[in-house]
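Residue-level structure breakdown
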Amino acid sequence: MTAPEVQPALPRVGLIARVLRRPETRWGLPRHGLLGRLLRGPVRRAVSPWLQRRLERAGREVQNWRLGRLRLRIDPGVFPPGPTLSSAMFVRWLLSSDGPGPWSGRRVLDMGCGSGVIGLALAQAGAEVLASDINPGAVANAAANARANGLQLTVVLADLLAGIQTSALDCVLVTPPYYPRMPRSMAERAWFCGQGFEYFHALFPQLAALDLGRTEVLMIVSEDCDEEGIRRVASAHGLHLRLRGAGQAWLEWNAILRVVPASENAR
């Protein structure tokens, strides 16, 4: 989910240098092809102002969004799944043959649920879903969307895993904020993880306390986030982030990562 306000400045290099430069890869994602490398900078610069306007509008107005049979209302101040496409990408992968399904009867936590789109899609697929968010507006929004779509979704106000009975969970899905800046509002907590990755310093110890052999933990991040910084925090808490799936939109790869013990990765 690209955040236009924090996009790094692109270095001014010549066309030949850009063509010959070794393509970067992050999180083990596929490399961008030659055309993608040439277009990525111009497309991102062109899309960013439009995306910024959409996000500002989402912060002020009610939005309506649809994904398959789901019809969602996105209240002001709640993370909007439409403009960034990462939520839809995560849903499509979760429900694909490459995902960890089938979902019928599985007990799932949708952490940081926002408007509830991911949890509602899995509820449609037969999962028993608990959705949580630290934003009271998001909790109310997700509950309203569940009622409007005739789906069973338990929604709770929670800071990460605090107060949640984790032993009963088969799967935890995390859509984390990952840009390193201090959030200035509740809405910005959906984007910014703190200058020193404070969000991950709080999240990873709680995930490390789970039985990760039994409970599968999956999170989605953009290739444009700080991989080194996030991996460093995970490693400090005895965890490793393993690429489990991938999706691409707007010439941006998104990585779906499974959280595993660092000792398992070493083996």
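This report concerns the structure included in the present document. (Residues numbered from 1 in each chain as written. Predicted model: local features only at pLDDT ≥ 70, side-chain atom pairs only at ≥ 80, totals over all residues. Heavy atoms only, no water.)

1. Brief notes about the packing of aromatic side chains
In this structure the tally under the stated criterion is four aromatic pairs. Taken together through their ring pairs, the aromatic side chains of Tyr199, Phe200 and Phe204 make up a single cluster. (Phe/Tyr/Trp six-rings, centres within 6.5 Å; stacked < 30°, edge-to-face > 60°.)

2. Description of the packing of helix α4 (residues 86-94) against helix α5 (residues 117-124)
Orientation of α4 relative to α5, taken along the N-to-C sense of each, is 25 degrees, at an axis distance of 9 Å. In terms of orientation, α4 and α5 fall into the roughly parallel class. The chirality of how α4 crosses α5 is right-handed. Judged by residue contacts, Ser87, Phe90, Val91 and Leu94 of α4 engage Val117, Ile118, Ala121 and Leu122 from α5. In terms of residue class, the contact of α4 with α5 is built from seven nonpolar, one polar and no charged. (Axes fitted to C-alpha atoms, helices over the stretch in contact; angles between N-to-C directions. Helix = DSSP H or I, 4+ residues; strand = E, 2+ residues; numbered from the N terminus. Parallel < 35°, antiparallel > 145°, perpendicular 65-115°, else oblique. Left-handed = near helix turned anticlockwise from the far one by under 90°. Contact = heavy atoms within 4.5 Å. Nonpolar A, V, L, I, M, F, W, Y, C, P; charged D, E, K, R; others polar.)

3. Some points on the pairing of strand β6 (residues 171-174)
Side chains of β6 alternate between two faces, with Cys171 and Leu173 and Val172 and Val174 buried alike. Direction of pairing for strand β3 (residues 107-111) relative to β6: parallel, over a ladder of four bridges. Bridging across to β6, Asp110 finds its partner in Leu173. With four bridges connecting them, β6 and strand β7 (residues 216-222) associate as parallel partners. When the bridges of β7 are listed, Cys171 appears paired with Glu216. One crossover worth recording links β6 to the parallel β7 by way of helix α7 (residues 198-208), and it is right-handed. (Buried < 20%, exposed > 50% of the residue type's maximum accessible area, 1.4 Å probe, protein only. Pairing = 2+ DSSP bridges. Right-handed = clockwise from strand over helix to strand, strands pointing away.)

4. Let's talk about the sheet that holds strand β4 (residues 128-133)
Pairing is mixed across the open sheet formed by seven strands, whose spatial order is β5-β4-β3-β6-β7-β9-β8. Edge positions in the sheet fall to β5 (154-157) and β8 (239-249), since each has one partner strand and no second. Across the sheet, the mean angle from the axis of one strand to that of its neighbour is 20 degrees, orientation sign disregarded. Contacts between helix α6 (residues 136-148) and the sheet are confined to β4 and β5, with β5 contributing the most and set at about 170 degrees to the helix.

5. A short note on unusual backbone geometry
Going from Gly101 to Pro102, the amide bond is cis rather than trans, its omega being 5 degrees. In this structure, Pro102 sits in the loop between α4 and β3. Although it is not a glycine, Trp27 sits at a positive phi angle of roughly 60 degrees. Tracing the backbone through its elements, the reader meets Trp27 in the loop between α1 (15-20) and α2 (34-60). A positive phi angle, close to 60 degrees, is found at Phe197, a residue other than glycine. Tracing the backbone through its elements, the reader meets Phe197 in the loop between β6 and α7. Judged by relative accessible area, Phe197 falls into the buried class, the value being 8%.

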